[in-house]
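# Fold and contact review
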Amino acid sequence: MRTLIVDDERLARNELKRLLEPYTKIEIIGEAANAEEALVMIDELQPELLFLDIQMPGKNGFELLSSIEGKTPEVIFTTAYDEYAIKAFEYNALDYLLKPIDNERLKETIHRIEENQAQPEAPAQTHERAEKVLGGNDQVFVKDGEKCWFVKLGKIRLFESMGNYVRLHFDDQKPLVLKSLNNLEERLDPNTYFRANRKHIINLGWIEKIEPWFSGGLLVTLQGGDKIEISRRQAIRFKELMSL
């Protein structure tokens, strides 16, 4: 996995690189001393994995993740503060490592990564396209107040405009993110995500039922019970998209 180390302590970065040397599947493509450096490198190098320190000057590790535009790499948190351990798991990180990093503990973590990679996934988009368009397999980081999630876009059934924010609907969660629906629509794969009306984008894979509605529109019921009206104009596009 193409890996980026993010830690403000040079000695900690060097020690982690030394510990990772025996693991040939971990390709270290760069290191950053703070969030600003890391964001530039994430954008340019497209790493698949971050070893990410939580406490850093400026933006901390959680704030760095909130600043990533689009696809978020897998994350292993590294921290000297045990209080963050439970919080890191709430973020659905692959793992967290307590400093100083124990070699056996790291070995367990790398084994977990290899197990994750062995699980079959749907065919990935080309690297070039993945930078521009986000599909169902792409993972994003969502922060709403004190709560945070890593979530695959395929799990998000509905995007709902709320003024300057968009509410994401997945599982039983409905966090708000500071984005416009128009901005979000530009990043989403149009073969999976459909602009139903001015306020909603739906995940086509979550549609359970379609009914005729007023004035030539359609009423779509999503798995989970959400009922979304497709406007008359968008209903024409929807029928074209969904027909043979």
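Residues numbered from 1 in each chain as written. Predicted model: local features only at pLDDT ≥ 70, side-chain atom pairs only at ≥ 80, totals over all residues. Heavy atoms only, no water.

## Description of the nonpolar core
Membership of the largest hydrophobic core comes to 23 residues, with the highest contact counts inside it found for Val6, Leu50, Leu52, Leu64, Leu65, Val75 and Phe77. Here this core takes 5 residues from helix H2 (residues 35-45), the largest share from any one element. Apart from the residues within four sequence positions on either side, Leu50 is in contact with Leu4, Ile42, Leu65, Pro73, Glu74, Val75 and Ile76. In this structure, Trp149, Leu153, Val177 and Tyr193 belong to the second largest nonpolar core, which totals 17 residues. (Core = buried A, V, L, I, M, F, W, Y, C linked by side-chain atoms within 4.5 Å. Buried < 20%, exposed > 50% of the residue type's maximum accessible area, 1.4 Å probe, protein only. Helix = DSSP H or I, 4+ residues; strand = E, 2+ residues; numbered from the N terminus. Contact = heavy atoms within 4.5 Å.)

## Points about helix H8 (residues 232-242)
If you check which residues of H8 are buried, you get Gln234, Ala235 and Phe238. End-on view of H8: buried residues confined to an arc of 105°, all on one side of the axis. Exposed positions of H8 whose direction lies more than 90 degrees from the buried face are Arg232, Arg233, Ile236 and Glu240. Tucked inside the fold, the buried residues of H8 contact strand E11 (193-195), strand E13 (207-212), strand E14 (218-222) and strand E15 (227-230). (Arc of directions from axis to C-beta.)

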